[in-house]
Amino acid sequence: MPDKSGSAREKFHSHVVVEMFLVAALIVYLMLAKGQVVGDDFTFTVVGAGLMALVTYWTLNTLRDGLEVIAVRRYPD
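A brief structural summary. Bear in mind that the values here come from a model prediction, so they are computed numbers and not experimental data. (Residues numbered from 1 in each chain as written. Predicted model: local features only at pLDDT ≥ 70, side-chain atom pairs only at ≥ 80, totals over all residues. Heavy atoms only, no water.)

Attention now moves to the overall build of the protein chain. Regarding its fold elements, the protein chain presents two helices and zero strands. Summarising its shape, the C-alpha atoms of the protein chain cover approximately 55 × 15 × 15 Å along the three principal directions. Counting every position in the protein chain, which comprises 77 residues, the buried fraction comes to 26%. Of the contacts formed within the protein chain by residues at least 6 apart in sequence, a portion of 74% connects residues at least 24 apart. Surface accessibility of the protein chain: about 5900 Å² in total, with carbon and sulfur atoms responsible for 71%. If you average the places of the 7 positive and of the 8 negative side-chain charges in the protein chain, the two averages end up 9 Å apart. (Helix = DSSP H or I, 4+ residues; strand = E, 2+ residues; numbered from the N terminus. Buried < 20%, exposed > 50% of the residue type's maximum accessible area, 1.4 Å probe, protein only. Contact = heavy atoms within 4.5 Å. Areas by Shrake-Rupley, 256 points an atom, 1.4 Å probe, with all protein chains shown as cover. Lys, Arg positive; Asp, Glu negative; His and termini not counted. Charge placed at Lys NZ, Arg CZ, Asp CG, Glu CD.)

What follows concerns a nonpolar patch on the surface. Among the surface-exposed residues, Val 17, Met 20 and Phe 21 lie close enough to one another that they form a single nonpolar patch of about 340 Å² accessible area. With respect to the secondary-structure elements, Met 20 resides in helix 1 (residues 2-32). Here Met 20 falls in the exposed class, since its relative accessible area comes to 54%. (Patch = residues over 30% accessible without salt bridge, like charges linked within 9 Å, V, L, I, M, F, W, Y side chains within 5 Å. Salt bridge = Lys/Arg side-chain N within 4 Å of Asp/Glu carboxyl O.)

Another point: the nonpolar core. Counting residues in each nonpolar core, the largest one holds eight residues, listed as Leu 22, Leu 26, Tyr 29, Ala 33, Phe 44, Leu 51, Val 55 and Trp 58. Elements supplying a minimum of two residues to this core: helix 1 and helix 2 (42-74). Leave out the neighbours within four places in its chain, and Leu 26 touches Leu 51, Met 52 and Val 55. (Core = buried A, V, L, I, M, F, W, Y, C linked by side-chain atoms within 4.5 Å.)

Assignment of secondary structure puts Asp 65 in helix 2. For Asp 65, a relative accessible area of 0% corresponds to the buried category. Within the structure, Asp 65 has its side chain in polar contact with the side chain of His 15 (distance 2.5 Å). In this view, Asp 65 contacts Lys 11, Phe 12 and His 15; residues no more than four positions away in its chain are not counted. (Polar contact = N/O pair within 3.5 Å; in protein donor to acceptor, adjacent residues only side chain to side chain.)

In structure tokens form, the structure reads like this:
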């Protein structure tokens, strides 16, 4: 099924683009947090923890999509 392969590939590429933006946002956050003490500003800490959790979730989701692309290429129906 060429449609299934193309769909998986397109989804993977869009997830990689979002992943790059999330990692860039995390890098910016870490640069801003460089001079701060953990827990000093509770809101800043919560935003950072949420961002790290979102990046972790999205990375695992992107890896799953990458494995799906590999599986569709390896075992076409």
